Amino acid sequence: LLEGSRVKFIGSATIGFDHIDTDYCNSRGIEWVNAPGCNSGAVQQWVASALLQISKSKEISLEGKVLGVVGVGNVGRKIVDVGLAFGMKVLCCDPPRKREEHLADFVDLKTIAQQSDFITFHVPLAFSGIDATNHLVDSALIDTFKHNVVIINSSRGEVIETQSLIDAINHKKITATALDVWENEPNIKNELLSLVTIATPHIAGYSVEGKVNGTRMVVDALSKFFNLGIHPWISAQNPTNKKELLINPMSTIDAISQTYDIVSDDANFRSSSNHFERYRSNYTLRREFSGFKVKGVEGNLAKSLLKLGFEVNNR
């Protein structure tokens, strides 16, 4: 696609960049940028909502359970906060960070598999190297899972080998599954769709804030590269300037539940799963936690909501 073109800059307002041939770009001096972390708040909201819905539908208490977070970057860090807010014990697994930052409290994937009641994945898709993530979850790893584990994936579909997941669910090895990403999107396997507890079509990061952040980051990089003089990019009509209002939520769970109805997304997707891309293209962007102002709370509840990104104002 790029051979012989005059392209000098490629910008993708997404956290992923596996759709860009970065080696080719680097060899030809083509600048490429993505927007790491732009929609981390939206994914945080999706995972929190998935945890709460699974807890409710399967009658599983979250408090005291072990949450294994695989990939503790822009998104994973926020998922750690979610786990702690729910009273869970959190285990962190991120081999590159552990090596580079000498993080003694980070554990390996084997430990995550053996000790976690819930496992959530937030890794990039890599097909080679010591940190390859393609089919990171296969039958061999699943065999080491605790019985009745809950699996959540909002990173890349190829991180989990589909048939291995299907077999594990059918054999009651996995008690619940929440998937936002699928192998071979948009041509997903209907057998897997019928088995998972929560299913959405790669929209975990689809928030107003995420879209604005991604756009801003790419426009800033574009302006800097071509010296356009429009850095930083700020719009007076920025929709994130207006906050939705929550008044007197009774708990952290109550506040989170009021921000997003993941059950509706699940039901709507299942009714139109053959139109995967159309659903994504016409998705109504939601507001993430930072898009809400909370009134009427104080003390530990206020601190908890602030930690998750809510704006708290008692006046």
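Heads up: the structure comes first, above all this text.
As the structure is a computational prediction, the values presented were derived from the model and not from experiment.

Engineer: For this particular structure, what's the right way to read the packing of helix H2 (residues 40-57) against helix H10 (residues 252-259)?
Structural biologist: The interhelical angle for the contact between H2 and H10, taken along N-to-C directions, is 115°, at an axis separation of 10 Å. When the axis of H2 is compared with that of H10, the two are roughly perpendicular. The crossing of H2 and H10 is left-handed. Counting all contacts with H2, which are made through Gln45, Ala48, Ser49 and Leu52, the residues of H10 involved are Ile253, Ile256, Ser257 and Thr259. Of the residues that constitute the contact of H2 with H10, the class distribution is 4 nonpolar, 4 polar and no charged.

Engineer: Explain the pattern of salt bridges here, please?
Structural biologist: Pairing between side chains becomes possible if they bear opposite charge and their charged atoms approach one another. This structure, assessed with the given rule, holds 11 salt bridges. Of the charged contacts in the structure, one is a salt bridge between Arg28 and Glu3, with a shortest N-O distance of 3.6 Å. Of the two residues, Arg28 is situated in helix H1 (residues 22-28) and Glu3 in the segment before strand E1 (9-11); the sequence distance between them amounts to 25 residues. On the basis of relative accessibility, which here comes to 49%, the residue Arg28 falls in the partly exposed class. By relative accessible area, Glu3 is classed as exposed at 58%. Where Arg216 meets Asp220, a salt bridge forms, and the shortest distance between an N and an O atom there is 3.9 Å. Within this pair, Arg216 and its partner Asp220 are both found in helix H9 (residues 208-226), separated by 4 residues, close to a single helical turn.

Engineer: Could you clarify how one ought to interpret helix H3 (residues 74-85) in this entry?
Structural biologist: Residues three or four positions apart in an α-helix share a direction because the helix packs 3.6 residues into each turn. In this model, H3 (12 residues) spans 18 Å end to end at C-alpha, consistent with the 16 Å of a helix rising 1.5 Å per residue. Of the residues making up H3, those classed as buried are Val75, Gly76, Ile79, Val80, Asp81, Val82 and Gly83. Residues of H3 that are buried in the fold lie against H2, strand E3 (66-70), strand E4 (89-93), strand E5 (118-121) and helix H13 (299-308). One or two residues past the end of H3 sits Gly87, with phi positive at roughly 75°.

Engineer: Would you take a moment to explain the sheet that holds strand E9 (residues 244-247) for this structure?
Structural biologist: In a beta sheet, neighbouring strands pair by backbone hydrogen bonds and run either parallel or antiparallel. Read across the sheet, 3 strands follow the order E9-E10-E11 without closing on themselves; strand pairing throughout is parallel. This sheet does not close on itself; its edge strands, each paired only once, are E9 and strand E11 (311-312).

Engineer: Can you walk me through the environment of Asn187 in this structure?
Structural biologist: Here Asn187 is to be found in the loop between strand E7 (174-179) and helix H8 (190-195). Taking relative accessible area as the criterion, Asn187 reaches 61% and is therefore assigned exposed. For the pair Asn187 and Gly87, spaced 100 residues apart in sequence, the C-alpha to C-alpha distance is 38 Å.

Engineer: When you look at H10 in this model, what are you seeing that I'm missing?
Structural biologist: Taken together, the buried positions of H10 are Thr252, Ala255, Ile256 and Thr259. On an axial view of H10, the arc spanned by its buried residues comes to 95°, and they lie on one face. Its buried side turned inward, H10 meets H2, H3, E9, strand E10 (292-295) and H13.

About the cut-offs
Residue indices begin from 1 for each chain and proceed along its sequence in written order. With the structure being a predicted model, the display of local features is reserved for residues of pLDDT at least 70 and the display and counting of side-chain atom pairs for 80 or more, all residues being used for whole-chain, interface and lining totals. Working from all heavy atoms in the structure, the side-chain values ignore hydrogens and water. Every axis corresponds to a line fitted to the C-alpha atoms, with the helix fit spanning only the stretch in contact, and the corresponding angles, defined between N-to-C directions, vary from 0 to 180 degrees. Per the convention used, a helix needs a DSSP run of H or I reaching at least four residues, while a strand needs a run of E reaching at least two, with both numbered from the N terminus. Roughly parallel here means an angle under 35 degrees, roughly antiparallel means over 145, roughly perpendicular means 65 to 115, and every remaining angle is called oblique. Left-handed describes a crossing whose near helix is turned anticlockwise from the far helix through less than a right angle; right-handed describes the clockwise counterpart. Any two residues whose heavy atoms approach within 4.5 Å at even a single point are treated as in contact. In this classification, Asp, Glu, Lys and Arg are treated as charged, Ala, Val, Leu, Ile, Met, Phe, Trp, Tyr, Cys and Pro as nonpolar, and every other residue, Gly included, as polar. When a carboxyl oxygen of Asp or Glu lies within 4 Å of a side-chain nitrogen of Lys or Arg, that pair is called a salt bridge. A simple rule labels every residue: compare its accessible area, found with a 1.4 Å probe on the protein chains alone, to the largest value its type can have, and call it buried under 20%, exposed over 50%, or partly exposed in between. What a helix is expected to span follows from its residue count: subtract one and scale by 1.5 Å. Strands are labelled as partners when DSSP assigns at least two bridges between them. Of all possible arcs, the one meant is that of the directions from the helix axis to the C-beta atoms.

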